[in-house]
Amino acid sequence: MSRTVLITGGNRGIGLSIARAFADNGDKVAVTSRSGEAPEGLFGVRCDVTDPESARRAVAEVEAQYGPVAVLVSNAGITRDALAPMMSEEDFEDVLQTNLVGSFRMARLVSRSMISAKWGRIVFISSIMGFLGSPGQSNYAASKSGMLGLTRSLAWELGSRNVTVNMVTPGLIETEMIEKVTDKRRAQLLAQTPLRRTGAPEEVAEVVKFLASDGAAYVTGSAIPIGGGIGMGQ
Ligand code: NDP
């Protein structure tokens, strides 16, 4: 059955790979971007997840086009790195607003129709840094570990309605986001990665697609690492 799938930040990077994976699966895929421009072959809506009205409008547009959202992938995310003594409160708050509050906002907006349908899948894109901590990323790591409490609370709230809520914790994945990572830091992270390589966005997409599938019907409240083994056991 073709489902309506909404992916925030689906215009590039990991989000775009996830969008393509669902589209190949035959789902009706909508992606958000702040410019509103959609990648070729995908339905795009303009959305800034930090703006409640923009988020509400985006969900309404997707519903008007494809019907109620059955699968939400909350992927939009940013970094604003600095060591804590040098980090502005604004940079701390911007990252929390986008990564954590934005995820809550989108989940809240789609959860009502999932409850009515007695079926739904929510997948949050977190990061292994939320578990490991990361120098210069107190804002980012806090936002990503905060998603665990969000995931597990929503799993409790929505479980009786057959809505599963999970998150994935990618390691180092080759996208624009890690272009700023220094060679030294990259080498450090790879030394902690048993597979000794970075991941491809498609390798994240496959796991997300599984979490939204019928095969994962009994998986909820979980945090699935996708990082070549980095942070295993966390
Ligand atoms: P990119 O920087 O390539 O993409 C980020 C996406 O988020 C873009 O689509 C961007 O849209 C969107 N976005 C940012 N801010 C907002 C906002 N306020 N409202 C709506 N959309 C927004 O990063 P990745 O693809 O690498 O990252 C995707 C997710 O994966 C993020 O949550 C990131 O934290 C997570 N992640 C990435 C890892 C990596 O190594 N790459 C590792 C672990 C987790 P726009 O084009 O409009 O800016």
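What comes next concerns the included structure. The model shown is predicted, which means the values in this text are computed figures rather than measured ones. (Residues numbered from 1 in each chain as written. Predicted model: local features only at pLDDT ≥ 70, side-chain atom pairs only at ≥ 80, totals over all residues.)

This part covers the overall build of the protein. Counting secondary structure elements, the protein contains seven helices and seven strands. Listing each helix as α and each strand as β along the protein from the N terminus yields β-α-β-β-α-β-α-β-α-α-β-α-α-β. The C-alpha radius of gyration computed for the protein amounts to 17 Å, which stays within 12% of the reference 17 Å derived for 234 residues, consistent with globular compactness. Seen through its C-alpha atoms, the protein measures out along the principal axes to roughly 45 × 35 × 35 Å. (Helix = DSSP H or I, 4+ residues; strand = E, 2+ residues; numbered from the N terminus. Rg over C-alpha atoms; globule rule 2.2 N^0.38 Å.)

A separate point is the site of the ligand. Near the ligand you find 29 residues, and of these Gly-9, Gly-13, Arg-34, Gly-77 and Thr-175 are the closest. Breaking the shell around the ligand down by element, the ones donating at least two residues are helix H1 (13–24) and strand E2 (28–33). With three residues, H1 is the largest single contributor of residues to the shell around the ligand. Classifying every residue of the shell around the ligand gives 11 nonpolar, 14 polar and four charged. (Near = placed C-beta within 6 Å. Nonpolar A, V, L, I, M, F, W, Y, C, P; charged D, E, K, R; others polar.)

Now for the nonpolar core. Generally speaking, nonpolar side chains in soluble globular proteins are found buried as a group. Ranked by size, the top nonpolar core spans 56 residues in total, and within it Ile-18, Leu-72, Val-123 and Val-208 carry the most contacts. Beyond its immediate sequence surroundings of up to four residues, Val-123 is in contact with Val-73, Asn-166, Met-167, Val-168, Val-208, Leu-211 and Ala-212. (Core = buried A, V, L, I, M, F, W, Y, C linked by C-beta atoms within 7 Å. Buried ≥ 20, exposed ≤ 12 C-beta atoms within 10 Å, placed from the backbone. Contact = placed C-beta atoms within 7 Å.)

Any functional reading would require information beyond the geometric quantities listed.
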